[in-house]
Structure formats: C-alpha cells, structure tokens
Amino acid sequence: LVFFDGAMGTMLQAKGWDGSLPPEVCNIVNPQLVEEVHQAYADAGADIITANTFGANSLKMRPLGYSADEVVRQGVALARRAAGSRPVALDIGPLGQLMAPMGTLSFQEAYQHFAAHAKAGMEAGADLILIETMSDLHEAKIAVLAAKEQTSLPVICSLTFQKNGRTIMGNDPLTVVTVLEALGADAIGVNCSLGPEELLDVVGSLTRHAHVPVLVQANAGLPQVADGKVTYPVGPAAFAESAEMMARMGVKMLGGCCGTSPEYIKALRNRVGNCQ
C-alpha cells in the first residue's frame, strides 16, 4: 500500500488563505503556508507529497497575472522541501473549460496546455504525475497522452464519479479503465465528488477490471453548509474504516481529497497500513 496526502485547498483556507483566489497562487504570495501543509502531511505519514499545482495552467494563471511555469516550479520546490526523500507528484487538474463540441476548447489547445504543465513539472523535479478530478474522459485522455508523450514520468489518472456510478459525462468505470490502460496510464483512480462509503461500488468495479494499481482519494463526505461555513461530515476514523474495505478490495494507493487533513492520513496509516 502507498499513502498519498490529503486536501490542499481546504487546508489552506483553514489556515486563513483567501478562498477567492486559486490555492496555486499561494505558492507565490505565501509559500510558507503551502510548505506548512506539505510538512504536516509528511509528518502524518504520507508516502507521496502532491505539489500545489492542480490548476497551474495558463488558462487559469495568466488572467491573474501569473506565469504558469513559475507557479509549477515553485509548487514542486515547496513540495520537495517538505518531502525530503519521498516522491513528489505533480498535480494536474481539469483546464476549467468544456471540450468541443460541448465547449470551445479544441483537442490541440488542450494538449498544448497539458503538455506545458507536465513538462514544467518534470523539469522542476517531480517524480510522477497525478492527473485528477477529471469528469470528462475525453479531457482525461488528452491529459494522459500529453503527459506520456512529453515526459518520461509515471502517470496516474483519476476521475470523479457520481452516485449513479458514472462521471458527469456519463462514462462508466469499465470504459474508463479500458481507455486509460490503452493509453498507457500507470495507475487509475477515483477522487473527489463523494465520500468513501458512496464510492465503494465504483471502487469495486475499478479493482475488478483494472490491470494497473488503483488509487482512491475520497472526500471527507459530501460537503454541508452550516452557519455560512462548509463542513464535511466524515471524520478520520470513519474515513479510515471505509478505506480499509477498499484496501481489502484490492486498492493499492490511498489518500484524501476535499475536507481531509493530516489527521485523516494518519488514521489511514494506523488502520490500513497492515492490509498488505
């Protein structure tokens, strides 16, 4: 079993980061805050530290006046300082625009953005690439192609699924596995959108069909709003209990997404670490 870290955005907000700005900007304007989060995950026992580069592409950074390359380089460097000898994952998220024909973003444009993101991360010293929170298999395909063709790093691709067991675009787990394995993804996963218990059926389908390792990074339950604040209902102990079931189903990599913290990763290690 390999343990990834947990959420970055919700952790930064808990530490006072202005949620009106993308968390990747924090790499530049308050790097110490980002490094503190990375260090907390390292201290909690995460085997892999994920750089704060999820939305560090030109489509999102340029309008704010930041260089995507600079944000990526700084993000990888901050993760590396906390990781020490642990591997650092370059984080790549969706571009934030719909792909044609539903939107205006073409295959070539998307490929160029993903390729630039991946190459910048490799040059900055990342050890692997985590493509995550993809809701469109078409966009995920382009990201995997760009990362595999433009870098020599291992590539993990993780999608989000709804309660009906499909992505927002209607892709089922078997299709996701078939397509991504054919493109050379080194591991396949599911993250975000739902809590760990709601993901069990999807996880079961992924582990039954995948020939590569499966990664799961669930939310700490579905977000709830109380007194104007967003909270997550699943605590570290319940989160780790569901993760133990996933490990017994064949999941090889575990971490957390929105609402999780170092306490969740510590709980994962303590409960699931022996399910080898």
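As a reminder, the structure under discussion sits directly above these lines.
Residue indices follow the written sequence of each chain, beginning from 1 at its first position. The predicted nature of this model means local features are confined to residues of pLDDT at least 70 and side-chain atom pairs, given and counted, to a pLDDT of 80 or more, with totals for whole chains, interfaces and linings taken over all residues. Side-chain metrics in this entry use all non-hydrogen atoms of the structure; hydrogen atoms and water are not considered.

**Notes on the overall build of the chain**
Then, in step 1: Only DSSP runs of H or I covering at least 4 residues are called helices, and only runs of E covering at least 2 are called strands; the numbering of each starts at the N terminus. When helices and strands are counted, the chain shows eleven helices and ten strands.
Then, in step 2: Throughout, radius of gyration means the C-alpha value; the globule benchmark is 2.2 Å times the number of residues raised to the power 0.38. Its C-alpha atoms give the chain a radius of gyration of 17 Å, near enough to 19 Å, the size a compact globule of 276 residues would have.
Then, in step 3: C-alpha atoms of the chain, sized along the principal axes, occupy 40 × 40 × 40 Å.
Then, in step 4: Of the roughly 11,500 Å² of accessible surface on the chain, 51% is carried by carbon and sulfur atoms.
Then, in step 5: By the counting rule applied here, Lys and Arg register as positive and Asp and Glu as negative, while His and the ends of each chain are not counted. Taken as the charge location is NZ of Lys, CZ of Arg, CG of Asp or CD of Glu. Of the side-chain charges in the chain, 19 are positive and 27 negative, and the distance between the mean point of each set is 3 Å. In this description, accessible areas are obtained by the Shrake-Rupley approach with a 1.4 Å probe, and a residue is regarded as covered only by the protein chains that are shown.

**What to know about unusual backbone geometry**
Then, in step 1: At the junction of Ala 100 and Pro 101, the peptide bond is cis and its omega measures out at 10° in the coordinates.
Then, in step 2: Here Pro 101 shows up in the loop between strand E3 (88–92) and helix H6 (107–124).
Then, in step 3: One non-glycine residue, Ser 193, adopts positive backbone phi at about 65°.
Then, in step 4: Relative to the helices and strands, Ser 193 resides in the loop between strand E6 (187–191) and helix H9 (200–209).

**A few points about the pattern of salt bridges**
Then, in step 1: Here, a salt bridge means any Lys or Arg side-chain nitrogen found within 4 Å of an Asp or Glu carboxyl oxygen. This model, assessed by the stated rule, comprises eight salt bridges.
Then, in step 2: Here Glu 35 makes a salt bridge to Arg 81, at a shortest N to O gap of 3.3 Å. With Glu 35 in helix H3 (residues 31–44) and Arg 81 in helix H5 (residues 68–83), the pair connects residues that are 46 residues apart, well separated along the chain.
Then, in step 3: The shortest N-O distance in the salt bridge between Glu 244 and Arg 248 comes to 3.0 Å. Of this pair, Glu 244 and Arg 248 are both found in helix H10 (residues 236–249), four residues apart, which corresponds to roughly one turn of the helix.
Then, in step 4: Salt bridges linked by common partners bring Glu 244, Arg 248 and Arg 271 together as one network.

**Some details on the sheet that holds strand E7 (residues 214–218)**
Then, in step 1: The eight strands lie next to each other as E1-E10-E7-E6-E5-E4-E3-E2, forming an open sheet whose pairing is parallel. Unpaired on one side and paired on the other, strand E1 (2–3) and strand E2 (49–50) mark the two borders of the sheet.
Then, in step 2: Here, strands pair whenever DSSP counts at least two bridges between them. Here two bridges tie E2 to E3, and the two strands are oriented parallel to one another. By the bridge assignment, Thr 50 is partnered in E3 with Ala 89.
Then, in step 3: Whether two residues are in contact is decided by their heavy atoms: any pair within 4.5 Å suffices. The axes are straight lines fitted to the C-alpha atoms, using for helices just the contacting stretch, and the angles between their N-to-C directions are given from 0 to 180°. Running over the sheet, H9 touches E6 and E7 and is turned about 175° from E6.

**Quick notes on the side chain of Glu 139**
Then, in step 1: Tracing the sequence through the fold places Glu 139 in helix H7 (residues 137–150).
Then, in step 2: In this scheme, a residue with accessible area under 20% of its type's maximum is buried, one over 50% is exposed, and one in between is partly exposed, where area comes from a 1.4 Å probe on protein chains only. Nearest to the buried, unbridged Glu 139 among oppositely charged side chains is Lys 60, at 7.8 Å.
Then, in step 3: At 2.8 Å, the side chain of Glu 139 forms a polar contact with the backbone nitrogen of Leu 95.
Then, in step 4: In this structure, Glu 139 is in contact with Pro 94, Leu 95, Met 99, Phe 114 and Met 134, ignoring residues within four places of it in sequence. We define a polar contact as two N or O atoms separated by no more than 3.5 Å, with the added condition that, inside protein, one atom must be a possible hydrogen donor and the other a possible acceptor, whereas residues neighbouring each other in sequence contribute only through side-chain atom pairs.

**What to know about the nonpolar core**
Then, in step 1: Core analysis: the biggest nonpolar cluster contains 84 residues, and Phe 114, Ile 129, Ile 131, Leu 159, Leu 180, Leu 254 and Leu 268 have the highest contact counts within it.
Then, in step 2: Each residue touching Ile 129, except ones within four places of it in the same chain, is listed here: Leu 90, Ile 92, Ala 118, Ala 147, Thr 151, Leu 153, Pro 154, Val 155 and Ile 156.
Then, in step 3: Residues belong to one nonpolar core when they are buried, are Ala, Val, Leu, Ile, Met, Phe, Trp, Tyr or Cys, and are joined through side-chain atoms within 4.5 Å. One finds Ala 89, Leu 130, Ile 156 and Leu 215 within the second-largest nonpolar core, a separate group that totals nine residues.

**A closer look at the packing of aromatic side chains**
Then, in step 1: Any pair of Phe, Tyr and Trp rings, taking the six-membered ring for Trp, is counted once the centres come within 6.5 Å. Such a pair is stacked with planes under 30 degrees apart, edge-to-face with planes over 60 apart, and tilted for the rest. Going through the model one piece at a time under the given rule, you end up with two aromatic pairs.
Then, in step 2: Plain terms: the ring middles of Phe 107 and Tyr 111 are 6.3 Å apart, the flat faces sit at 20° to each other, and that makes the pair stacked. Remark: Tyr 111 and Phe 107 occur in helix H6; sequence separation between them is four residues, near one turn of the helix.
Then, in step 3: A relative accessible area of 38% places Phe 107 in the partly exposed class.
Then, in step 4: On the accessibility criterion, Tyr 111 (12% relative accessible area) is buried.
Then, in step 5: Both rings, one in Phe 239 and one in Tyr 264, keep their centres 5.4 Å apart while their planes meet at 85°; by these two values the pair is edge-to-face. Here Phe 239, found in helix H10, pairs with Tyr 264, found in helix H11 (residues 262–272); they are 25 residues apart in sequence, far enough to count as distant.

**Some points on the packing of H7 against helix H8 (residues 173–182)**
Then, in step 1: The geometry of H7 relative to H8 is characterised by a closest axis approach of 10 Å and an angle of 20° between their N-to-C directions. By the angle between their axes, H7 is roughly parallel relative to H8. Considering only the axes of H7 and H8, their crossing is right-handed. Together, Leu 137, Lys 141 and Val 144 of H7 and Thr 175, Val 176, Val 179 and Leu 180 of H8 make up the contact between the two elements.
Then, in step 2: For the contact of H7 with H8, a count of residues per class yields five nonpolar, one polar and one charged. Note on terminology: angles under 35 degrees are roughly parallel, angles over 145 are roughly antiparallel, angles of 65 to 115 are roughly perpendicular, and the others are oblique. Crossings are sorted by hand: turned counterclockwise from the far helix by less than a right angle, the near helix makes the crossing left-handed, and turned clockwise it makes it right-handed. Residues were grouped as follows: Ala, Val, Leu, Ile, Met, Phe, Trp, Tyr, Cys and Pro as nonpolar; Asp, Glu, Lys and Arg as charged; and all remaining residues, including Gly, as polar.

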